Amino acid sequence: MNRESVIIIAESDNGDFSLIQSGLQGAGIYNPILRFTSSTEMLDCILQKGDGPKIEEDKQYLMLLNVGIEGSMVVVEKIKEDELLKKLPIVAYGSKQPLDVVDKCHDSGCSIYIDKSRDFVNAIRTVGLFLSTVEMPQVRAEV
Amino acid sequence: MKKDTVILIAEDDAGHFELVKRNLWLSCVDNDILHFKDGQEILNFLFKTGDGPAREDNCGYVVLLDIRMPKIDGREVLKRIKEDPELKKIPVIMLTTTNELHEINLCYKLGCSFYMVKPVDYNRFMSAVENLGAFLSLDGVIVPPISG
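Caption draft 1: Quick peek at the interface of chain B and chain A. At the interface, 28 residues of chain B touch 30 residues of chain A. Taken over both partners, the interface formed by chain B and chain A buries close to 2700 Å², and the fraction arising from carbon and sulfur atoms is 68%. The residue B:Lys109 makes a salt bridge to A:Glu83 at a minimum N-O spacing of 3.5 Å. Summed over the shared surface of chain B and chain A, the result is 10 residue pairs in polar contact (both at pLDDT 80 or more). With 7 residues, the single largest contributor to the side of chain B that touches chain A is helix 4 (residues 101-110) of chain B. For the side of chain B that touches chain A, the residue count by class is 19 nonpolar, 5 polar and 4 charged.

Caption draft 2: Geometry of helix 2 (residues 39-46) of chain A. All names here are of chain A. The set of residues buried in helix 2 consists of Ser 39, Met 42, Leu 43, Cys 45 and Ile 46. One face of helix 2 carries all of its buried residues, which in axial projection span an arc of 160 degrees. Taken from the residues just after helix 2, Gln 48 is the one with a positive phi, measuring 55 degrees.

What counts as what
- Residues numbered from 1 in each chain as written.
- Chains lettered and ligands numbered in written order.
- Predicted model: local features only at pLDDT ≥ 70, side-chain atom pairs only at ≥ 80, totals over all residues.
- Heavy atoms only, no water.
- Contact = heavy atoms within 4.5 Å.
- Buried area = accessible area lost by both parts, 1.4 Å probe.
- Salt bridge = Lys/Arg side-chain N within 4 Å of Asp/Glu carboxyl O.
- Polar contact = N/O pair within 3.5 Å; in protein donor to acceptor, adjacent residues only side chain to side chain.
- Helix = DSSP H or I, 4+ residues; strand = E, 2+ residues; numbered from the N terminus.
- Nonpolar A, V, L, I, M, F, W, Y, C, P; charged D, E, K, R; others polar.
- Buried < 20%, exposed > 50% of the residue type's maximum accessible area, 1.4 Å probe, protein only.
- Arc of directions from axis to C-beta.

Encoded structure:
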């Protein structure tokens, strides 16, 4: 991915957010990060509402989403139902989530689901190394 | 991901396939890897049509897909997988030489999980495949079984 690509991180826990940030940096990723702690903030950004940061037309994006955040699956649905926004790759993660939540991630078009309870510290660096070789889409571009 | 998840690689260049397979193995991927020479072959496997091998029920799959292939191209394969109510759950990773933004945007719109550009430089290509292999080998990566 290019250095301007933006990583959206939906994580309400400060400790886990730091863990993800340092894991990505350990993989050499210093891209801009937009962090949200609630699904409302996330939706405002993606749907270009409110006073907070908003998705820009020509930038490339990827989302890391903690599905434990209340309302996160509604956000996934809204993104994947929208003709433009559906391009956004969503790497969903969570720990001890009920099977139906994991199934829903697979059904609704998340790129992958990662079980955070299995050595997440090492995992996030490996995810970062992989993401450094991945190209991201311009979420709001017409195709 | 689980050891019984099967990696399907659709790639018309036999040399590239061997390189990808070898480097996935080097990065500790010990899952079965199946090769398809064109888009039609992999669709036959997934949709259980034709006379060749067909997928098994309740097995998990990951697809690595080239775009430029004979008979049916990778874009069309991706489209058909993602239009199927069950097969759409399969993570599809584009692995291609095309780095045009329009193509990247289009493949994500059609539902690919990730889009990787094969670096022209040999060592960078190998390192990219090793990173992919290490990612897929993570215990925490959950790939759903496909039924029906």
